[in-house]
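Summary of the model geometry
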Amino acid sequence: MRYFFCFIFFFLLYFSAFSQHFSISGTVQNGNDGDTFLGATVLLAHPTDSSTIKGTVTDLEGKFELTDIERGKYLLMIQYIGFAPLSRAIVLDQDLNMGILSLEEAGTWLGEITVSGRRAMEIQQGDTVQYNAAAFKTLQDASAQSLVEKMPGISLQDGALQAQGENVVQVLIDGKPFFGKDVKAALQNLPAEVIESVQIFDKKSDKAEFSGFDDGEREKTINIITKPNRRKGQFGKSSLGYGNAERYLTGTSINLFNEDRRATVTALSNNINALDYSADPNSQGDSRIQDGIITTNRIGFSFSDDWGKKIEISGSYLYSQRKNEGNASRVRNYVLDFDPGRVYRQNSNNTRTNKDHTFDLRFDYKIDDYNKLLIRPNVSLKHDEGNSYFFGRTLSGDAPLNQTENSLLSSNYDYDFGNRLYYSHRFLKKGRNFSLGLNTGYHSNEDEGSRLADNYYYDEQEKQETLNQLTTLDRKGLSWDATISFTEPLGKKGQVELEYQIRNNLNDSDKLTYDAMEAPAGDTINMIFLLDTTLSNAFNSQYLSQEVELGYQYRAKKFQMQLEVSIQQAGLKNDQEFPMPFFITRTFQTVAPTIRLDYEFSKHKKLEIDYDTQTNAPSIGQLQDVINISNPLHLRTGNPDLDQSFSNRVRMRYRGRNPEKDRSFFMFMQTSIINNYITTSSTIAEERIILEEGIILEKGSQLSRPVNLNGNWDFRSYLNYGTSVDFIKSNVSVNGGLNYSHRPGMINEQVNFVNNSNFRIGLAISSNISDKIDFNFSTRSSYNIVENSLRPTTNNNYFNQSTRLSYDWIVWDGLVYRLDLNHRLNTGLSEDFNNSFLLLNMSIGKKLLKDERGEVSLNVYDLLQQNNSISRNITELYVEDVQSNVLKRYFMLSFTYNLRHFNSGTDMEDYKELHQ
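It should be emphasised that the depicted structure is a prediction, and the values quoted were computed from it without experimental measurement.

Reading predicted coordinates in detail is not appropriate for stretches of low pLDDT. Chain-level statistics for the protein chain give a pLDDT mean of 82 and a share of 88% at 70 or above. Below a pLDDT of 50 lies the segment residues 1–19, which in the model reaches eight contacts outside its immediate sequence neighbourhood of four places, other chains included. Within the model, the stretch residues 281–288 combines pLDDT values under 50 with 25 contacts to residues more than four positions away or in other chains.

So, in structure tokens, the structure goes:
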């Protein structure tokens, strides 16, 4: 025991040892008028190679502080958009207050004349691109999304916001989470007029940010820096509208800001397919056409606060009730050499109601300069009810093979509880870090469904069968994983990391199917339900994996390299009761290397190359040899002999910018090869096949089963070039790309390769004319070439083009005209589909009340009644076209009120700026 206490004593003594560390502080201001800067970048660098040691940004009063700095010589550098950078050489041997540091407007000296250019549109700060909001003009009521979409490299693609070709995952406000990861809600509920600048970067994991060792976990993130005089007040918007066909919308979004303490409340009720309440008056301008007729009621709350200097807390809650009434028609053209005319047609309609509660919290506790604790709990409660019907028929040429008429009533409850805990300790020695992570989760599914199906099989002798079934699912899952890592410096520019991770997933699932049977004679009960063990499954499973990883990182001024290798071992155990007792044990072992290379040609040009590997183990559902007959014409089952897949991926990204000319270029390329790819083997019955006792695959029906195949690889690329064009006072960007995939599948024991080539090109123009005229124009064209190795006669080329124009114009004295146009052109789809449409929305409004805070407007949606939704799906078995119902034309009269009240810090000039 005494040795134990001696160990504890020396351990505590080691941690309490403290060499001399100092701090640097100061205030950054405008050299012309003395105004302080919020969000100015302050970097501390080595005086010889200018490599960054530590950095921060200035606060509301322009103040900054860098702490925990060793004695020595340094270079202090300060940057802010539109101002000349400032550098100071310093010698640090005590706490240093730099006092007032003034920045001067950037300009070019020509003899005795100074020509001051416009403020730069963007600047590069390490891996972060920062846009100056003042360089982009919007109308006074515009949302943050309208502003962000004007910035080079950012666009709205199929309803998702993309930056540099990748989906944006989360939005931060002054570095703090806002509405969790609901990007659309975050941007639509913040007005553009409160924004100072916008930063776009790849946010690394909490562990990587603290240790400096990249673990490959990155999320495309937008950080919005607000104006200092807009950080204390109440602002938002409320709307009320009613139209013909009983269409209505009512919604509100209120922001309550008090410096670091912030809260946002949103509420929405409508039956016009609006999923989020938008701060844009023209909320109908979503470029993604929603399938079905959707009624939505939702209320949300988001907050963030600082508790003292050490604790940051943020969270959000959302309740949503949504009802979707939809119908769709689909046509599948099969790739079959023995039956070239095989087609499946299906018409369906369904009504689904979803009730969701979601809650997330982030508790960030900076214990001291060396210890940090992060806790992130989350809760999701969902209840879905559905009433669906479909009629499907398979044909060979004009002759029917089979058909089904299928109806389903369902009720599903899903409960998910999770928590992520992360602790990190930074030692006194730079580069030496210790971290511990623990993730836990509990998942529950309670589902019930009743199905009635009438099936017809056309053969020499026509056959009919009726299925009347009740299915219940009771699934419980517990998951946890723990990670421990240690980093140690190796030389002046190197660092090594040793990491161990263990994960465990436990599942208990009972899926029971009951067949309705006629009651015995004389029984007063009309129906009895008997358990069908053939179509039921009950199992307990465990998936335990362990991983040891060793990594090395080298950092130079312009070059960074990181090498990692991990040894993984995973074990799967599954104990099945139904449809027959079955016990399976599988073990997977993998050695996975990773390489990351970054090279900075200059401050504004950077190249990143990554090579990584990943394994994908088959799921329990894929391994279970249980037949699913939810669609009697298309049966599905599992494969207990599946192996895990292994992917190799190479990714390259290049960023180049010319801030003086407001030009930017971004290029992204990625290719991957997957061995043992888990794909589908389909058996199309040419004759009647007995699968199991009581289960028959009738002629013309299909059985799908997962298998492992090699030969899967793909290539993706994206390019974007953006610049400002002065003669039309607009920002222009051109983008394009090439995608190619080579995907294997199996049809009746024959391997089929589907080659899909996709060529894309796009153009986007956003105005910078004035705050009276605002437009965004974008068009994107895509040409696709589909080839099949098994049946080349089914090769198909098709083309689609999407064009959007959003135009807002303050015509005269508060009179506002808005236009939103979406055009879709499709060629090469099935003949019986409507291939093109033009969605035209317009509104005319009049500003009212003091400072024009109110507006009455008349809106029309789908003026030409051409709205449509068409999509194409390509698999190794078929090419499918789907057309769904959408919302059609309606008129609506609405009233909108804008709340704007800012407290101290807003002077009269700022106030007038809001209402000009």
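This part takes up unusual backbone geometry. Positive phi outside glycine occurs at Asp813, with the angle close to 45 degrees. The backbone of Asp862 shows a phi angle near 55 degrees, a positive value even though the residue is not glycine. Looking at where Asp862 falls in the secondary structure, it is placed in the loop between strand S49 (854–861) and strand S50 (869–874). Taking relative accessible area as the criterion, Asp862 reaches 0% and is therefore assigned buried.

Looking now at the pairing of strand S23 (residues 311–334). Two faces belong to every sheet, and in a regular strand the side chains alternate between them. Pairing analysis gives 15 bridges linking strand S22 (residues 293–307) to S23, with the strands arranged antiparallel. Residue pairing for S23: Trp307 is matched across the bridge by Ile311. Counted along the chain from S22 to the antiparallel partner S23, the turn is three residues long, and its residue Gly308 has a positive phi close to 75 degrees. Pairing analysis gives 23 bridges linking S23 to strand S24 (residues 342–366), with the strands arranged antiparallel. Residue pairing for S24: Val331 is matched across the bridge by Arg345. Bridging between S23 and strand S51 (residues 878–884) involves seven bridges; their strand directions are antiparallel. Each residue of the ladder has a partner; that of Arg330, found in S51, is Val882.

What follows covers the side chain of Asn30. Mapped onto the secondary structure, Asn30 falls in strand S1 (residues 21–30). Excluding residues within four positions of it along the chain, Asn30 makes contact with Asp35, Phe37, Phe83 and Leu103.

For the structure shown, the criterion picks out 13 aromatic pairs. Judged by centre distance (6.4 Å) and plane angle (25 degrees), the rings of Tyr413 and Tyr415 are stacked. Assessed through its relative accessible area of 25%, Tyr415 is described here as partly exposed. An aromatic cluster is present here, built from Tyr599, Phe601, Tyr654 and Phe665 joined pairwise through their rings. Over the face of the ring belonging to Tyr798 we find Arg872, whose NZ or CZ atom lies 4.6 Å from the ring centre.

Conventions and cut-offs
- Residues numbered from 1 in each chain as written.
- Predicted model: local features only at pLDDT ≥ 70, side-chain atom pairs only at ≥ 80, totals over all residues.
- Heavy atoms only, no water.
- pLDDT = per-residue confidence, 0-100.
- Contact = heavy atoms within 4.5 Å.
- Helix = DSSP H or I, 4+ residues; strand = E, 2+ residues; numbered from the N terminus.
- Buried < 20%, exposed > 50% of the residue type's maximum accessible area, 1.4 Å probe, protein only.
- Pairing = 2+ DSSP bridges.
- Phe/Tyr/Trp six-rings, centres within 6.5 Å; stacked < 30°, edge-to-face > 60°.
- Lys NZ or Arg CZ within 6 Å of the ring centre and 35° of its normal.

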